[in-house]
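Each chain, letter by letter, is given below.
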Amino acid sequence: MKDNRSGSQVLYGFLPQQTGDLRGGIYRTVEWKDPLRVDVDDSVIRRKLIEQVNGWSFRGDDAGIARGLHAGHPIEVVEVNPDRGVRIEQFPNVYICRACRLVEDRYHPNCPACGAKKSWDQLHFVGYHECGMLEAPSIPRCPVHNLCRMPYQKSMEAARIRFVCPICERQTRQGMGFRKCPCGRSWNNTRSNPTMLVYNIHRASTVYTPQTFALINPRNRKRMAEITEAGGPRRALAWAIGGFVSLKPGSDKPTRSSAIDNFMSQGYSRSSAEAMAAIASAAGELAPEEEIGRLANAPAGRIEATEREAVEIALATIESRIRITDLTRPETPANARTMYQHDYPAAINRAGLEAIDLVDKFPVLRAVYGFTRGGLEPGKGRLNLFPGRRGTRVYADPQESEALMFRLDPQRVLTWLNRRGHALPHAADASDARAIVAGHVVTPDRFTDEPDAAPAGRDLLELIHSYAHRVIRQLSVFAGVDRESLGEYLVPSHATFFIYAATRGDFVLGGVQAVYENNLHHFLNAFMAAETRCALDPACRRHGGACHACLHLGEPVCDRFNHYLDRATLFGHDGYLATHI
């Protein structure tokens with residue numbers, strides 16, 4: 001069978017062991033045929049995978065995956081081969097005659113009971129277990145006549161489906177039956193019979209949930225070398241603490257630490273690299289080490305984490321970063337010049353932002369590293385990783401998309417956190433505020449339960465995450481796209497997030513850029529003026545202040561399970577934007 005799908009549609013709809021509807025039938029994906037390798041730095045993808053599986057490994061539901069990753073288990077990242085596609089098989093092989101409702105376990109040109117030609121539909125139900133097991137339901141045939149019929153019924157609940165004999169009308173079974181999974185293990189203790197198979201519609205999210213993440217990954221590996229040569233992670237961090245004033249980190253001369261990193265990347269030992277750096281420093285060929293302010297007093301692990309996030313921002317913007325000031329050119333009309341120089345800055349300031357930049361070559365890699373059955377979050381099922389030819393396989397869709405980079409005002413963020421009772425140091429200026437927030441506020445990962453998170457980190461993540469979700473809901477209207485066609489990438493340590501066009505299906509790039517160049521102030525004004533209440537209040541407000549009617553977004557737009565969201569962080573009585581409405 002031949003059919004055309006985009007890379008992102010294949011990534012989210014045709015993964016191994018995933019079922020889908022195609023041309024009137026139901027199929028299960030067997031494999032991607034001869035997929036193409038994606039060039040990703042091994043240390044980066046390994047660290048990302050370890051972060052992703054942490055929630056399952058903490059509960060013992062990862063089948064030793066984390067141990068293997070720490071031990072150097074091979075990882076391969078692949079994308080779909082457009083010339084080879086994917087291999088699928090028809091599943092489940094249970095067919096129902098549209099005319100007489102006879103049930104058979106194989107396809108017949110003509111119905112054996114009524115003679116109808118090509119009148120078969122597949123049964124939409126499948127049996128699954130949290131361990132990853134998937135099978136077709138058994139057919140309860142009449143012990144006398146060896147036939148089975150499924151009368152038409154309105155209910156789509158598996159337990160209510162009835163099977164009868166078409167001759168004697170004897171009921172052979174109600175429901176899909178009770179079968180114990182061959183694994184014999186319990187992965188979800190919230191169920192009454194956790195070792196039994198569960199039956200549901202094959203497209204239900206509990207049957208198959210892809211586990212996804214996004215990664216900044218320039219296709220040109222030379223970009224990482226440029227960051228190293230420009231001063232490495234420390235200079236990228238200093239660039240972020242300084243407010244991203246230049247288009248990218250670096251100067252004409254490397255620093256001592258970046259020179260050492262550069263020499264070591266060429267195969268020299270640390271002692272030799274340090275000796276050569278000392279010679280270069282004596283000759284005046286090295287720049288002084290970059291200042292990171294109060295962040296220098298933070299624990300080494302905290303500095304390393306903020307360096308990684310600063311490098312991510314540098315990699316995301318190194319190809320293209322357009323600032324508001326770059327929009328004004330000599331040929332810009334007077335009305336547009338007024339808009340860029342007065343209306344845009346006023347709207348940005350009112351929205352509690354320091355700046356918004358356009359990145360029209362945003363190098364994002366959307367990836368799926370495994371799947372679960374039974375639920376999205378850890379504790380509801382076993383994490384199943386994809387096997388590859390060597391080691392673990394990650395399926396990916398590398399894209400170069402358009403994005404908006406939002407940076408919250410660091411001094412307002414610090415003031416807001418202190419207003420929430422976190423007693424952080426006073427900042428002398430914006431750079432000092434950035435260093436204080438980055439050094440003192442540790443944001444939780446996606447698997448940390450909200451009550452267990454550090455209070456300041458929880459509040460900062462809730463602020464940035466809630467802000468990003470509200471932006472997506474408003475930006476989708478102004479850009480003329482479905483909100484599921486946008487994605488978020490949070491960099492909380494630097495009070496920054498990206499909203500990018502996740503090119504799925506027939507989505508055409510350009511809508512986000514058009515908003516930036518023509519309607520940014522109108523978009524921000526609408527963002528501030530839009531309804532701050534929820535249609536489901538007061539219930540929504542009493543239960544966390546976020547639901548599908550106000551802030552929640554679908555998978556895979558949000559990879560944090562719609563946690564750490566609360567409208568009150570934005571517009572509550574002490575909300576970040578409450579004084580600017």
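The structure displayed is predicted, hence computed values, not measured ones. (Residues numbered from 1 in each chain as written. Predicted model: local features only at pLDDT ≥ 70, side-chain atom pairs only at ≥ 80, totals over all residues. Heavy atoms only, no water.)

> Describe in detail the environment of His73, supporting the description with residues and values.
Assignment of secondary structure puts His73 in the loop between α3 (65-70) and β4 (75-79). On the basis of relative accessibility, which here comes to 34%, the residue His73 falls in the partly exposed class. Sequence separation between His73 and Arg46 is 27 residues, and the spatial gap between their C-alpha atoms is 9.2 Å. Ignoring anything within four residues of it in the chain, the contact list for His73 reads Arg46, Gly68, Gly391 and Thr392. (Helix = DSSP H or I, 4+ residues; strand = E, 2+ residues; numbered from the N terminus. Buried < 20%, exposed > 50% of the residue type's maximum accessible area, 1.4 Å probe, protein only. Contact = heavy atoms within 4.5 Å.)

> Quick rundown of empty space enclosed by the protein? Include the residues and the values.
In this structure the tally under the stated criterion is 2 cavities of 30 Å³ or more. Reported here for the largest cavity is a volume of approximately 120 Å³. Around the largest cavity, the lining comprises 15 residues; the ones closest to its centre are Pro410, Arg434, Ser493, His494 and Ala495. Breaking the lining of the largest cavity down by element, the ones donating at least two residues are α5 (232-241), β17 (392-408), α10 (410-419) and α11 (430-440). Considering every element that reaches the lining of the largest cavity, the biggest residue donor is α11, with 3 residues. (1 Å grid on protein atoms, 1.4 Å probe; cavity = no way out; pocket = protein on both sides within 12 Å on 5 of 7 lines; lining within 4 Å. Points joined across faces, edges and corners; volume = space filled by probe spheres on them.)

> How would you summarise the pattern of salt bridges if you had to cite specific residues and measurements?
Under the criterion given, the structure shown has 28 salt bridges. When the shortest N-O distance is used, the salt bridge between Asp537 and Arg541 registers 3.7 Å. By relative accessible area, Asp537 is classed as partly exposed at 22%. Looking at Arg541, the relative accessible area reads 54%, which means it is exposed. Linked by salt bridges that have partners in common, Arg321, Glu354, Asp357, Arg407 and Arg434 make up one network. (Salt bridge = Lys/Arg side-chain N within 4 Å of Asp/Glu carboxyl O.)

> Which residues make up the nonpolar core, and what are the values?
Among the nonpolar cores identified, the biggest contains 59 residues, and Tyr467 and Phe497 are the most heavily contacted of them. Take this core: its biggest share by element is 11 residues, from helix α12 (residues 455-479). Residues Leu237, Ala238, Trp239 and Phe498 belong to the second largest nonpolar core, which totals 31 residues. (Core = buried A, V, L, I, M, F, W, Y, C linked by side-chain atoms within 4.5 Å.)

> Quick one: what's the story with the layout of surface pockets, residue by residue and with numbers?
Within this model, the second largest pocket holds a volume of roughly 550 Å³. In this structure, the second largest pocket is lined by 20 residues; those nearest its centre are Met1, Asp3, Arg84, Gly85 and Val86. Those elements that place two or more of their residues in the lining of the second largest pocket are α1 (7-13) and β5 (86-90).

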